[in-house]
Amino acid sequence: MNDDDAPTAPTEGRDGDLPTVLVDQIELHVREHLRPRLEGLTDEEYFFDPSADGNAWTIHPRTPTGQTPPTALQGGDGDMVIDFEFPEPEPSPLTTIAWRLGHIVVGVLAMRSSSHFGGPPADYMSWTYAATAQEALAQFDTEYDRWITGVRSWSAEDLQVAVGEAEGPWAEYSRATLVAHVNRELIHHLAEIALLRDLWAHRA
C-alpha cells in the first residue's frame, strides 16, 4: 500500500470543545429565541390560569391566617407565595407563567448558583417571589446571567469534576452533566411559557 492509499485524517471541526458546546447551546436558545418571546409580558398573562377548573398552581398573595391555602406547601418569604406539594399529585397540575418563571428562577438557576458559584442563598421557602411580570423577568435576567457567568468560568477539566453533595443523589455526576441538565430545563420550561403566551393570545 502506498501513501496515496492511506486514510485521510478527519478534519477537526470548529468550536467542538465541551465548554463552548454547552454554553453556545443555551445562549443560542435563550438570547436569540426564548428570552425575546417574553418581551411585552403583561401581568394578566403572567397570572393567566390555563386550566378548565381555575386550580392551576401559581404565585399569589399569602393566604391569611385561619384560611386554607390552595396547596399543602406554600413557598416564599414575602407577600407572595408559590404553590407546591411533595410528592406532586398525579396528574401533575397545570401551572401559570408566574409559577414556571418562579421555578426557573429559584429551582433551576438561583439554587444552583448558590451551591456552585457562591451566589446568594436561595431556596423555594425563603425566596421573595415576583408580584408582577416585569419583576419576574428582572429576576430571571439576574439569575440567568449569574449562572451562565459561572458556567463560563469552568474549563473542560472543571466540567469533569463531580458536582458533590449539593446535588443530592446525583453527587457523583459531572458538572458537565449538570450544565446539560440545566440547559434542558431552561429550554423546555421557557418553551412552555411561550406556548402559554400563544394560548393567551388565542383565548376565546
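Higher on the page you've got the structure.
All figures in this text were calculated on a predicted structure; none of them were measured in a lab.

Participant: Can you walk me through the side chain of S174 in this structure?
Facilitator: Within the secondary structure, S174 sits in the loop between α4 (133-152) and α5 (175-201). Apart from the residues within four sequence positions on either side, S174 is in contact with L159, Q160, V161, A162 and V163.

Participant: Just checking my understanding: could you explain the nonpolar core for this structure?
Facilitator: The nonpolar side chains of a soluble globular protein tend to be buried, and buried together. In this structure, Y46, L101, L109, F140, Y144, L186 and L190 are the most contacted members of the largest nonpolar core, which totals 47 residues. Residue assignment for this core shows that the elements contributing at least two residues are α1 (18-34), β3 (80-84), α3 (97-117), α4 and α5. Per-element tally for this core: the top contributor is α3, with 10 residues.

Participant: How should I be thinking about the packing of α3 against α4 in this particular structure?
Facilitator: How two helices pack is summed up by the angle between their axes together with the distance between the axes. As a packed pair, α3 and α4 sit with axes 9 Å apart at the nearest point and diverge in direction by 35°. Relative to α4, α3 is oriented so that their crossing is left-handed. Residues L101, I104, V105, L109, A110, R112, S113 and F117 of α3 lie in contact with α4, whose contacting residues are A136, L137, Q139, F140, E143, Y144, R146, W147, G150 and V151. Looking at side-chain class alone, the contact of α3 with α4 contains 12 nonpolar, 3 polar and 3 charged residues.

The rules we used
- Residues numbered from 1 in each chain as written.
- Predicted model: local features only at pLDDT ≥ 70, side-chain atom pairs only at ≥ 80, totals over all residues.
- Heavy atoms only, no water.
- Helix = DSSP H or I, 4+ residues; strand = E, 2+ residues; numbered from the N terminus.
- Contact = heavy atoms within 4.5 Å.
- Core = buried A, V, L, I, M, F, W, Y, C linked by side-chain atoms within 4.5 Å.
- Buried < 20%, exposed > 50% of the residue type's maximum accessible area, 1.4 Å probe, protein only.
- Axes fitted to C-alpha atoms, helices over the stretch in contact; angles between N-to-C directions.
- Left-handed = near helix turned anticlockwise from the far one by under 90°.
- Nonpolar A, V, L, I, M, F, W, Y, C, P; charged D, E, K, R; others polar.

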